[in-house]
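An overview of the molecular structure
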Amino acid sequence: MKTILAKTAGVAAAAMTMALVPLAGTSYAAGCSGSGCDNRGPVSMGCDADATTKVSTVNGNGFKAELRWSNACQAGWVRTTSPDGSQWWPRYGSVEKWLGAGTDFQRSLSVQFPYEAGTDWSNMLGSGSAYYRVCINDNNNVTCSNFW
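Rules and cut-offs
Residues numbered from 1 in each chain as written. Predicted model: local features only at pLDDT ≥ 70, side-chain atom pairs only at ≥ 80, totals over all residues. Heavy atoms only, no water. Helix = DSSP H or I, 4+ residues; strand = E, 2+ residues; numbered from the N terminus. Contact = heavy atoms within 4.5 Å. Buried < 20%, exposed > 50% of the residue type's maximum accessible area, 1.4 Å probe, protein only. Pairing = 2+ DSSP bridges. Axes fitted to C-alpha atoms, helices over the stretch in contact; angles between N-to-C directions. Salt bridge = Lys/Arg side-chain N within 4 Å of Asp/Glu carboxyl O.

Right, let's get into the environment of Ala101. Positionally, Ala101 belongs in the loop between strand S4 (91–100) and strand S5 (103–112). Residues Ala101 and Phe147, 46 residues apart in the sequence, show an inter-C-alpha distance of 6.1 Å. Dropping the residues within four chain positions of it, Ala101 is found in contact with Tyr131 and Phe147.

Once that is clear, we can look at unusual backbone geometry. Peptide bonds are mostly trans, and most non-glycine residues show a negative phi. Within the chain, Gln74 stands out as a residue other than glycine whose phi angle is a positive 55 degrees. Secondary-structure assignment places Gln74 in the loop between strand S2 (64–70) and strand S3 (75–82). Taking the relative accessible area as the measure of exposure, Gln74 reaches 27% and is therefore partly exposed.

This part takes up the sheet that holds strand S9 (residues 141–144). Strand order in the open sheet made by the four strands is S5-S4-S8-S9, with antiparallel pairing throughout. At either margin of the open sheet sits one strand with a lone partner, and together these are S5 and S9. Within the sheet, the average angular offset between the axes of one strand and its neighbour, ignoring direction, is 25 degrees. Where S4 lies against S5, eight bridges are found, and the strand directions are antiparallel. Of the residues in S5, the one forming a bridge with Glu96 is Ser108.

Quick look at the pattern of salt bridges now. Per the counting criterion, the structure on display carries five salt bridges. With a shortest N-O distance of 2.7 Å, Arg91 and Asp138 are connected by a salt bridge. Of this pair, Arg91 sits in strand S4 while Asp138 sits in strand S8 (residues 131–138), placing them 47 residues apart in sequence. A relative accessible area of 3% means that Arg91 is categorised as buried. On the accessibility criterion, Asp138 (4% relative accessible area) is buried.

Written as structure tokens, this is what we have:
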């Protein structure tokens, strides 16, 4: 009887472990698409998995803002990179969504640059047909990328 219980417990534990381990090559669907991604986190929605940098800008102090884009989610966000821990005032990176390249502004989202060296990112703005750019606001000195 003890042998049967031990084998049953071992089989149950193995089955539970296999259920928790995803199969190699498993793909996960994005959690949102287009404007349904507006103000949602790229990591929590799974949109960071296929993200690429489309445009970026670096200001005179070495702070960098990148437009990250997910084809699966049809959404973009700004990823900010601080070069070192030399921030004495808040700096912000923003992603802007426009219906035309420089005309018909729609919306923007911002994130503060990290005070220490490192990266952070904003929530997303989505639309497959909009134009996007990223900007850096460094003590009211604004530097923006080209539109994408």
